Each structure stands twice: as structure tokens, then as C-alpha cells.
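Examining the three-dimensional arrangement
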Amino acid sequence: MIRRSRFTEAPAAWLLMAPGLVGLMLFLLLPFALAVVLSFTNLRMASPLPLEFVGLANYTLAFQETALPRALLNNLLFALVVVPAQTALGLALAVLLDRPLRGRTVFRTLFFLPVVFPLSLIAVVWVLIFAPGPDGLLNAALGVLSLGLWEPRDFLNDPSWALPAVMLTSIWQGVGFQMIVLLAGLQAIPRQLYEAAAIDGAGRWRQFLHVTLPGLRNPLIFVVIVTTILSFRVFDQVRIMTRGGPQDASNTVIHEMVRTAFDQGHVAMGAAMSVVFFVVILGIALAQRRLLRQRGEVS
């Protein structure tokens, strides 16, 4: 009976999965396969030259004649700063808003609101905040807090400040997502565990270490992996706020891909960059997932 029911349910299962599988094929697998094919050609926009096979030339030139190495380094630095900062801040907000505070629903909504807004709108707002000169919002605030000792800076046009400015924008915009996921994980932890820990004499800090963190292992793994992938996909903020400058100080891989493929018209090299980028993200996500799972099993 069990085998027969499984056999009769199989067509219905495939029918239900069909829309998702078709979307996966059309919008993910097929474009990636096309990018792999194009990366071995000399395709350029509006070029009179015939399409030819050039082998690995685009991959070699991408590392030698473009800003791809600097963009990869910027992406790595961006992820190393944004992922732990955003996750820690999201966890702190989740723990704070899980308590019975007055008006906590309003605070949850306010903290989550930036996630709903388009990144392009967020970037424009932060461009105004980072405006140069003493009249800029951030410069003026820092001037007041430092009692006039702060010297106004042009954050978005300074090689030392451009990437940190994009980082700050991304952390502010995305922390609400981590907060909501971790808040849901907190509410799934049985309260009896906290009561038992309190009876055993554990204070708030010990309860957090031995009850909260183990209970949030899977949500934390999910949040860290998703945040890492999103941090490598950063584009909108860079395009609007700095356009990768100054001197490629805030350039990222996706921005370099778009600049190479569409601004410069070298479609094939942009496709090669996308393939390299896919391999890098896949390797980091798999290694991160395995490492986090091993740490969870050991603990």
C-alpha cells in the first residue's frame, strides 16, 4: 500500500514542482550556461568582428587587464566586516526585542522597514547623509559630537572612506532581515530551558551562552550564509554612491562585471568574470556551511 501510494503521488509531486523547476531552468541554469559559453568567445557589443572561440583568453585578461583582482579583494573585505557586524547587531536587536517591552511591535517594524525599501532609494538617502563639507548631515553631527574638532570629509570621494561608507549603508539597510530571522528562532526556544537554567543558578549571560546560542544554531547558520552571499552581490550601493571609485577603492565584482560588459561593451569578458564569481561564491558558501555545521556538532 505504501509503495502504491508513493507511485500514485509521484505525478502530482512533479506537477507541483514543475513551475519552480521551469523558473530555475529559465532564469538561473540557462543564463549561467550561456555565460559559460560566451566566456570562451570574443563577443563584443556592436563589434563587426565575427564570433570566434578564444579559449581561456578572457579569463586570463580579466585578471591582468581589469580591476577584477581589486574588486575580489574589496568583496572579501566587505564580507569580513559586514557579515559579523550585521549578524551581531541583528542578534542583539532580536534579543532586546524578544523581551516584553512596551511598544516592541513598533520597534520591530521600524528596524525592519529599511529592508522593505529599494536599495537604490536607501543609497540615495545615504549619499545625502555622506554629503561633503560642514553642511553634510554626518559631518555636521560628528562636528557637534566632537565639539568642533572633527574636520569635514568627502566620504564618498576619499579612497580611505568610500568602502567603509558603503559598508555602513549595507549594515543599516540589512540588519532588519537578520533581526527577524533570529527573533523567530528565539521564540522557538522552549521557555522551560531558561527556567531550568535559572533554577540551576545560571545568570543571564550563562543562559545566553548555554541556552540561547545553541538554540539559535540553525538560524545563525542560515543568516551567516545568506548574509555572506548577499555581501558578495553588493552592487546598487556601489553604483549609486561611488561608481566603484575613487581609484577602484569601493569597486566590487558585480560592478566590475557590469562596467566591463555594458559600459565597455566587452560581453565575453564580463561573462568570464561572472563564471569566476559563481565559483568563488559557491566555494565560500559550501566551506562556510560545512565549517559552521562542524562547529555546531562539536559544541
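Residues numbered from 1 in each chain as written. Predicted model: local features only at pLDDT ≥ 70, side-chain atom pairs only at ≥ 80, totals over all residues. Heavy atoms only, no water.

1. Let's talk about the overall build of the protein
Note the cut-off: Put simply, DSSP H or I for four residues or longer makes a helix, DSSP E for two residues or longer makes a strand, and each gets a number counted from the N terminus. When a residue's accessible area, from a 1.4 Å probe over protein chains only, is under 20% of the maximum for its type it is buried; when over 50% it is exposed; and in between it is partly exposed. What makes two residues a contact is simply this: any of their non-hydrogen atoms within 4.5 Å. Values of accessible area rely on a 1.4 Å probe in the Shrake-Rupley scheme; residue burial ignores everything except the protein chains shown. Charged residues are defined narrowly, with Lys and Arg counted positive, Asp and Glu counted negative, and His plus the chain ends left uncounted. Throughout, a charge is located at the NZ atom of Lys, the CZ atom of Arg, the CG atom of Asp or the CD atom of Glu.
Counting its secondary structure elements, the protein contains 13 helices and zero strands. In sequence order, the protein lays out its α and β elements as α-α-α-α-α-α-α-α-α-α-α-α-α. Projected onto the principal axes, the alpha-carbon positions of the protein cover approximately 80 × 80 × 35 Å. Counting every position in the protein, which comprises 299 residues, the buried fraction comes to 38%. Here the contacts in the protein between residues at least 6 apart in sequence split such that 67% fall between residues at least 24 apart. Summing over all exposed atoms, the protein offers an accessible surface of approximately 17,900 Å²; the carbon and sulfur share of this is 70%. Across the protein, the 22 positively charged side chains and the 15 negatively charged ones have centroids separated by 13 Å.

2. Some points on the environment of V275
Its location among the elements puts V275 in helix α13 (residues 267-298). For V275, a relative accessible area of 10% puts it in the buried group. Spatially, the C-alpha atom of V275 lies 30 Å from that of S160, the residues being 115 residues apart in sequence. When near neighbours in sequence (up to four residues on either side) are disregarded, V275 contacts F32, A35, V36, S39 and Y59.

3. A look at the nonpolar core
The criterion, for reference: Among the buried residues, those of types Ala, Val, Leu, Ile, Met, Phe, Trp, Tyr and Cys that are joined through side-chain atoms within 4.5 Å form a nonpolar core.
Core analysis: the largest hydrophobic core is formed by 18 residues, its most contacted members being A94, L182, L186, I189 and L216. If you list the elements that add at least two residues to this core, you get α3 (68-97), α7 (162-187), α8 (191-199), α9 (204-215) and α10 (217-232). A per-element tally of this core places α7 first, with five residues. In this structure I189 touches Y194, V211, T212, G215 and L216, once residues within four positions along its chain are discounted. By size, the runner-up hydrophobic cluster in this structure holds 16 residues, among which are A62, L68, V253 and M269.

4. Some remarks on the packing of α7 against α10
As a reminder of what qualifies: Each axis is a line fitted through C-alpha atoms, taken for helices only over the stretch in contact, and angles between the N-to-C directions span 0 to 180 degrees. Angles below 35 degrees are treated as roughly parallel, those above 145 as roughly antiparallel, those between 65 and 115 as roughly perpendicular, and all remaining angles as oblique. Crossing handedness is defined as follows: a turn of the near helix away from the far one that is anticlockwise and smaller than a right angle gives a left-handed crossing, while the clockwise case is right-handed. Polarity classes work like this: nonpolar for Ala, Val, Leu, Ile, Met, Phe, Trp, Tyr, Cys and Pro, charged for Asp, Glu, Lys and Arg, and polar for all others, with Gly in that last group.
Here α7 crosses α10 at 165°, and the two axes come no closer than 9 Å. With respect to each other, α7 and α10 are oriented roughly antiparallel. Judged by the sense of rotation from one axis to the other, the crossing of α7 with α10 is right-handed. Residues F177, Q178, V181, L182 and G185 of α7 form the contact with α10, whose own contacting residues are P219, L220, F222, V223, V226 and T227. For the contact of α7 with α10, the residue count by class is eight nonpolar, three polar and no charged.

5. Description of the side chain of H255
With respect to the element layout, H255 can be found in helix α12 (residues 253-263). The residues touching H255, leaving out its near neighbours within four places in the chain, are F235, V238, R239, R243 and G244.

Interpretation in functional terms is not warranted from these geometric data alone.
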